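# Architecture and fold: a report
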Amino acid sequence: MFGFYMLGLREGEGTPIQQEFVLRETVLCGMPFTRLTQKNLTLRMPKELQSVKPIHVTTDADKCIGKVKVNPQMEFSKSENQTLYYCIQKNAEVSRLRTESLNRLDRSLTSSYYKFLKNKPDAKIVEIGGYVGNLMSRLIRDTGVKTYVVLEPVPSFYKKLTDRIQREALAVTPYNFGLGKKETELTIGIQGDGTSLKKSKGSDKGKETLKIVKVVDFFVQLGIGCHRLDLLTINCEGCEFDVIEMLTSTSLVENIDYIQFQPHNSVFNDAGTYLCLYCRLRRFLSRTHEVAYEYPHIWETWKRKGIS
C-alpha cells in the first residue's frame, strides 16, 4: 500500500519496515520535527492577538507565559517508532476504514459525549474551525458551558457564525483568524465546509483572504499556561496536524483535558503524506493523552491521562 512504498519498502516486509523506523529516530517519513526554544515563547503579539482575552478573567497572559515550557524531546524513541510502524500498517487502507467509521458513526457524539461538563459550572471550550456554528450550538446545548471561544478564519463563514451567535443569544467569543505554525496571510478558494488552508485552487464561489496566527501565541494569550481547558475541538480541514504538533511541542498540551479532532485525508494530494501525519499526530498525543473514543479518520477524542 502507499504508506510502505513512500518509504521505499514493499508491503508485507514487516520486519524490515519495523527496523527502518527504529533506525530513523530523527526523521519520520521525511518530515522534520518541530523544534522550539524558550525564546519562541513571547508576548510580542500581532494585532490580531492583542484583542484576545484570557478565558480566566483573573489571569493575564504575562503571568502565565513563564509557566509554559518547550518540549526538548520531540523525536520519537525506538519504542515510539515501533508503535508508529504498526499505526501505518493498521491504517494503510484509509478509504475502507473511513467508510466503516461513517457506517457506525453516532453523529451526535461530538457534542453529546461531553454532557458531563454540565456538572462543571466553570467549564471552558475552545473550537478551531467554527464554520457557521453547527457544532458550537450543539456543544453549548449539551454542556451548558458559559465560556466558549471559537475561531473561524474565512470572512464569509465568520459573518454567518457571528450572525448565529447573535440570533441565538449565545455567550460566545468569536475570532476571525486561523492557527498555524507561523503567522501569515493566505488567499484561498472557497469550497463550502470543505474549504481548507491546504488547498489553494479556486472555486466558483471565489476567493477570500485569511489571517493566520501562531498556535502557541494564541494559547498563551488565552492563559492556558496557568489554567486547564476542558475541551479543545478541532475541525479545520487539515490544520489539525499543525495545531496538535505545536501544542505537543510545549507544556500547553498538558493543560487541555480533552482534545477532539477530525482528521482530513482529502486535503492532501499524496495519501502517504496524510498517513504519516496522522500516525505522527497520534504518537505525539499518546505522550500525555489516551483515546477516549475514535471513529478512525472521521472523529476521535483523546483525554488527558489521569482523568477518571
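See the structure above.
Residues numbered from 1 in each chain as written. Predicted model: local features only at pLDDT ≥ 70, side-chain atom pairs only at ≥ 80, totals over all residues. Heavy atoms only, no water.

What the three strands build is an open sheet, ordered E4-E6-E5; its pairing is mixed. At either end of the open sheet lies a strand with only one pairing partner, and these are strand E4 (178-180) and strand E5 (184-189). Taking each pair of neighbouring strands and ignoring which way they run, the sheet shows an average axis angle of 45°. Note: E4 against strand E6 (residues 207-214), three bridges, orientation parallel. Following the sheet pairing, Gly178 is matched in E6 by Ile212. (Pairing = 2+ DSSP bridges. Helix = DSSP H or I, 4+ residues; strand = E, 2+ residues; numbered from the N terminus. Axes fitted to C-alpha atoms, helices over the stretch in contact; angles between N-to-C directions.)

The final tally for this structure, using the stated rule, is three disulfides. Two residues share a disulfide in this structure: Cys64 and Cys226, whose sulfurs sit 2.0 Å from each other. Here the S-S torsion is close to -120°, and the disulfide linking Cys64 with Cys226 is therefore left-handed. Within this pair, whereas Cys64 is found in helix H4 (residues 61-64), its partner Cys226 is found in the loop between helix H10 (215-222) and strand E7 (229-234), the two being separated by 162 residues in sequence. Take Cys226: its relative accessible area is 25%, and that puts it in the partly exposed class. The disulfide partner of Cys236 is Cys239, and the gap between their sulfur atoms is 1.9 Å. (Disulfide = S-S within 2.5 Å. Buried < 20%, exposed > 50% of the residue type's maximum accessible area, 1.4 Å probe, protein only.)

Take the pattern of salt bridges next. Applying the stated criterion to the full structure yields 15 salt bridges. Linking Arg287 and Glu80 is a salt bridge whose minimum nitrogen-to-oxygen distance equals 2.9 Å. Note that Arg287 is positioned in the loop between helix H12 (271-286) and strand E9 (289-295) and Glu80 in helix H5 (residues 78-90), a separation of 207 residues in sequence. The exposure class assigned to Glu80 is buried, which follows from its relative accessible area of 11%. One salt bridge connects Asp142 with Arg141, and the closest N-O pair in it is separated by 3.0 Å. Among the charged side chains, a network of salt bridges with common partners joins Glu48, Glu185 and Lys211. (Salt bridge = Lys/Arg side-chain N within 4 Å of Asp/Glu carboxyl O.)

Read these as geometric descriptors, not functional statements.
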